[in-house]
Amino acid sequence: MSNVEPELLKTLTPAEAEEVLALGTRVHLDTGAELFSLGAPADHLYLVDRGRITLTLPMQVQGREQDVQVEERLPGQTVGWSGLIPPYRFTLKATALLQTEVIALSRSALLEHFARNPYVGYAITRNLAAVIGQRLQVFQAMWLREMQRTVERLSS
Amino acid sequence: MVMFLMAVCLSMFGLAVTAMAFGAATRDERPLEAAQPALKPVLSVPLSPSRFFTDLPIAPALPMAAAARPHVPIEVLLLQIDRHVRLEQAAAESFLDYPTVASLHSRTASPLVH
């Protein structure tokens, strides 16, 4: 793992973090390679170790469907929390922007580990809630800014 | 001499026929109108502007901005969308760091907004 502390493993001791990382599989992605697609079953959670992942959604631009970036994930950050949250379907498409390495943690392995180590499960769930909450708050603010502009356009 | 007289006669006859035809074509119609019952005035039908050599429908009145908007290449538009999302995300994250009304509605430099 790179020097960056994974946001998902915060508050865990180095030994606990190592045990969790040992559950994962290192996946190498070439530039432009797809990590997962929109709507695909989500069985894994990913920690970005090196490189960069872009999260996109399809959008109609000039009559053509184009992937538009909605977020970018850097080393230490988590990708694909849908792997731990029902209904276990990815709601975005993830692609490597450059040579990238991620650690893929399977849901089944994580849940078994959490059952054996409840404190680790609790800490990771809290960290995951922070990731999800941060995204929710960012998009909430973005949505409100967009709404404000729409209202201004309509009233001008 | 006989041929000359014949030519003059034919010319006079032709002139007379021409004069009669001219008179018939330019005859005053007013006496006939007076005899007819009052006619309804002809309604004026708005004509569409002439459009020679084109099958394009008449364009509806477009807003000036839309009519004057230049065609943006898709690559440029995608870059603008990308920049817009990044700027908006940065603004939203800045709001989360220091939540105030001013930071929530801070102005953006995005070309998609201006």
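Asker: Describe the overall build of chain A, with residues and values.
Answerer: For chain A, the helix and strand inventory stands at 3 helices and 8 strands. Listed by position from the N terminus, the elements making up chain A come as α-β-β-β-β-β-β-β-β-α-α. Counted over contacts in chain A with a minimum sequence separation of 6, partners at least 24 positions apart contribute 79%.

Asker: Can you explain the overall build of chain B? Please cite residues and give values.
Answerer: The number of helices and strands found in chain B is 5 helices and 0 strands. Counted from the first residue to the last, chain B has its helices and strands arranged as α-α-α-α-α. By residue count, 4% of the 114 residues in chain B fall in the buried class.

Asker: Describe unusual backbone geometry, and please don't skip the residues or the numbers.
Answerer: All names here are of chain A. Note that the residue after P86, namely P87, is joined by a cis bond; omega there is 10°. The phi angle at T11 is positive, at roughly 75°, despite the residue not being glycine. Here T11 is to be found in the segment before α1 (14–22). Even without being glycine, Y88 reaches a positive phi, approximately 55°. When you line up the elements, Y88 lands in the loop between β6 (78–79) and β7 (93–96).

Asker: So what about the environment of A:V27? Which residues, and what values?
Answerer: Tracing the sequence through the fold places A:V27 in strand β1 (residues 25–29). A C-alpha to C-alpha distance of 8.3 Å links A:V27 and A:T100, two positions 73 residues apart in sequence.

Asker: How would you summarise the interface of chain B and chain A if you had to cite specific residues and measurements?
Answerer: On the chain A side, the residues contacting the 16 residues of chain B number 15 residues. If one sorts the elements of the side of chain B that touches chain A by residue count, helix α4 (residues 74–97) of chain B sits on top with 13 residues. Split by residue class, the side of chain B that touches chain A holds 11 nonpolar, 2 polar and 3 charged.

Asker: Can you explain the sheet that holds strand β4 (residues 53–61) of chain A? Please cite residues and give values.
Answerer: An order of β2-β7-β4-β5 (chain A) is seen for the 4 strands of this open sheet, with the pairing classed as antiparallel. Taken across any chain shown, the strands that pair with only one partner, and hence form the sheet edges, are β2 (34–36) and β5 (64–73) of chain A. The mean angle between the axes of side-by-side strands here comes to 40°, regardless of whether they run parallel or antiparallel. Those strands touched by α4(B) are β4 and β5 of chain A, and its axis lies near 30° from that of β5(A).

Asker: Run through the nonpolar core, naming residues and quoting values.
Answerer: One finds A:L35, A:Y46, A:I53, A:V79, A:A94 and A:V102 to be the most contacted residues of the largest nonpolar core, which totals 28 residues. Secondary structure elements with two or more residues in this core: α1, β2, β3 (44–50), β4, β7, β8 (100–106) and α3 (118–155) of chain A. For this core, the element with the most residues is β3(A), which contributes 4 residues. Ignoring any residue separated from it by four or fewer positions in sequence, one finds A:V102 in contact with A:V27, A:L29, A:L35, A:Y46, A:L47, A:V48, A:D49 and A:V79. The next biggest cluster of nonpolar side chains, apart from the first, holds 5 residues, and it includes A:V138, B:A91, B:A92 and B:F95.

Asker: Describe in detail the sheet that holds β8(A), supporting the description with residues and values.
Answerer: All names here are of chain A. Strand order across the open sheet formed by 4 strands is β1-β8-β3-β6, with antiparallel pairing between neighbours. The sheet is open, and its two borders are formed by β1 and β6, each paired with just one other strand. Contacts from helix α2 (residues 107–116) reach β3 and β8, with the element oriented near 55° to β8.

Asker: Explain the packing of α3(A) against α4(B) residue by residue, including any values.
Answerer: Orientation of α3(A) relative to α4(B), taken along the N-to-C sense of each, is 115°, at an axis distance of 8 Å. Viewed along their axes, α3(A) and α4(B) adopt a mutual orientation that is roughly perpendicular. Here α3(A) runs over α4(B); the crossing is right-handed. Listed contacts from α4(B) to A:Q137, A:V138, A:A141, A:M142 and A:R145 of α3(A) are B:E88, B:Q89, B:A91, B:A92, B:E93, B:F95 and B:L96. Of the residues assigned to the contact of α3(A) with α4(B), the class counts are 7 nonpolar, 2 polar and 3 charged.

Asker: Can you break down the confidence of the model for chain B residue by residue, with the values?
Answerer: All names here are of chain B. In this model, chain B carries an average pLDDT of 68, and 42% of its residues clear a pLDDT of 70 or more. By mean pLDDT, the top-scoring element of chain B is α4 (90), and the lowest-scoring one is helix α2 (residues 30–35) (47). This model gives residues 58–67 a pLDDT under 50, and the stretch forms 2 contacts once residues within four places in sequence are excluded. Both confidence scores are given for the complex: pTM 0.69, ipTM 0.78.

Asker: Please provide a residue-by-residue account of the pairing of β5(A), values included.
Answerer: Residue and element names in this part refer to chain A. When β4 meets β5, the two strands line up antiparallel, connected through 9 bridges. Directly across from V61, in β5, lies its bridge partner R64. Where β4 folds back onto β5 in an antiparallel hairpin, the turn is made up of 2 residues, including Q62, whose phi is positive at roughly 50°.

What counts and how
Residues numbered from 1 in each chain as written. Chains lettered and ligands numbered in written order. Predicted model: local features only at pLDDT ≥ 70, side-chain atom pairs only at ≥ 80, totals over all residues. Helix = DSSP H or I, 4+ residues; strand = E, 2+ residues; numbered from the N terminus. Contact = placed C-beta atoms within 7 Å. Buried ≥ 20, exposed ≤ 12 C-beta atoms within 10 Å, placed from the backbone. Nonpolar A, V, L, I, M, F, W, Y, C, P; charged D, E, K, R; others polar. Pairing = 2+ DSSP bridges. Axes fitted to C-alpha atoms, helices over the stretch in contact; angles between N-to-C directions. Core = buried A, V, L, I, M, F, W, Y, C linked by C-beta atoms within 7 Å. Parallel < 35°, antiparallel > 145°, perpendicular 65-115°, else oblique. Left-handed = near helix turned anticlockwise from the far one by under 90°. pLDDT = per-residue confidence, 0-100.

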